[in-house]
Amino acid sequence: MTCLKQRDTNKAYAIMMVVYAVFALTADSLSTNHSHWLINWSRFYWRFKSGFEMSTAILWLGIPVLLMWRDLDIRVFTFARWKKIDAWLLIALILLGACGVCLIKFIPVLNQYYQSQSHLSASMKWSYAIGNLIWLSSWLIGWEFLHRVFLMRYLQVVLGRIGPCFIPAFEFIFHLQKSIPEALGMLLLSMVLTYWTYKRKNVLLPFLAHLSIEITLLVYLII
């Protein structure tokens, strides 16, 4: 990625962008959980009947893209910077992710959170799967963009090379609202994906790896 110009001036802007990312993650968590902390955050939770979460898409993708569109490097979304070994890394991450999903049944807190839908009829399973895929499309692209493009850029402006080291902490803290085992799993995954993104200046592998885990989880729930 190209560096932001006029570092001293843009450092203040970068700090504001990092603060925005914290706000976007916090606001999404509060609204999704219908929190009444200070205000009624459920008013800002906009979900269509289809399952698409418009509020999340706006907070994690729409606004961040508008805030940094002039600095976007399109090659972060392509295979242009991939090396041959990266395809094998993706396969390894897909397999490890599938193994991680299979461990859910052996971890009580996760098994309780991700309850099986295998009892549903075939038609209900199909509707459940479609709804979840629509829901997934509303946040997954935004999640990866917010962390491995938006935060990756501005944390480096604010903190230099050590900036990206804080991205796994963002993801870990956000997932604590679910459970510690899932937060730890996200921490480990984020360390790998963030380092790869930092080295390759690309977000495609993290997106595909994360997508594979979510698809595997969906299959796990309905079979």
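You'll find the structure just up there.
Quick caveat, the model's predicted, so the values are computed rather than measured. (Residues numbered from 1 in each chain as written. Predicted model: local features only at pLDDT ≥ 70, side-chain atom pairs only at ≥ 80, totals over all residues. Heavy atoms only, no water.)

Looking at the pattern of salt bridges
Here is step 1 of the chain: According to the stated counting rule, one finds seven salt bridges in the structure shown.
Here is step 2 of the chain: Its salt-bridge partner being Asp73, residue Arg75 comes within 3.5 Å of it at the nearest N-O pair.
Here is step 3 of the chain: You can call Arg75 partly exposed: its relative accessible area is 46%.
Here is step 4 of the chain: Given a relative accessible area of 13%, Asp73 falls into the buried group.
Here is step 5 of the chain: Linking Arg81 and Asp73 is a salt bridge whose minimum nitrogen-to-oxygen distance equals 2.6 Å. Summarising the burial analysis for this pair, Arg81 and Asp73 share the class buried.
Here is step 6 of the chain: Each member of the salt-bridge network shares a partner with another, and the members are Asp73, Arg75 and Arg81. (Salt bridge = Lys/Arg side-chain N within 4 Å of Asp/Glu carboxyl O. Buried < 20%, exposed > 50% of the residue type's maximum accessible area, 1.4 Å probe, protein only.)

Observations regarding helix 7 (residues 180–200)
Here is step 1 of the chain: Taking 1.5 Å as the rise per residue, helix 7 with 21 residues should run 30 Å; its terminal C-alpha atoms sit 30 Å apart, in good agreement.
Here is step 2 of the chain: Among the residues making up helix 7, those that are buried are Glu182, Ala183, Met186, Leu189, Ser190, Leu193, Thr194, Trp196, Thr197 and Arg200.
Here is step 3 of the chain: The inward-facing, buried residues of helix 7 contact helix 3 (84–102), helix 4 (108–113), helix 5 (122–159), helix 6 (167–175) and helix 8 (204–222).
Here is step 4 of the chain: With a side-chain oxygen positioned 3.4 Å from the backbone nitrogen of Glu182, the residue opening helix 7 is Ser179.
Here is step 5 of the chain: Just past helix 7, the residue Lys201 takes up positive phi, approximately 55°. (Helix = DSSP H or I, 4+ residues; strand = E, 2+ residues; numbered from the N terminus. Expected span 1.5 Å × (residues − 1). Contact = heavy atoms within 4.5 Å. Polar contact = N/O pair within 3.5 Å; in protein donor to acceptor, adjacent residues only side chain to side chain.)

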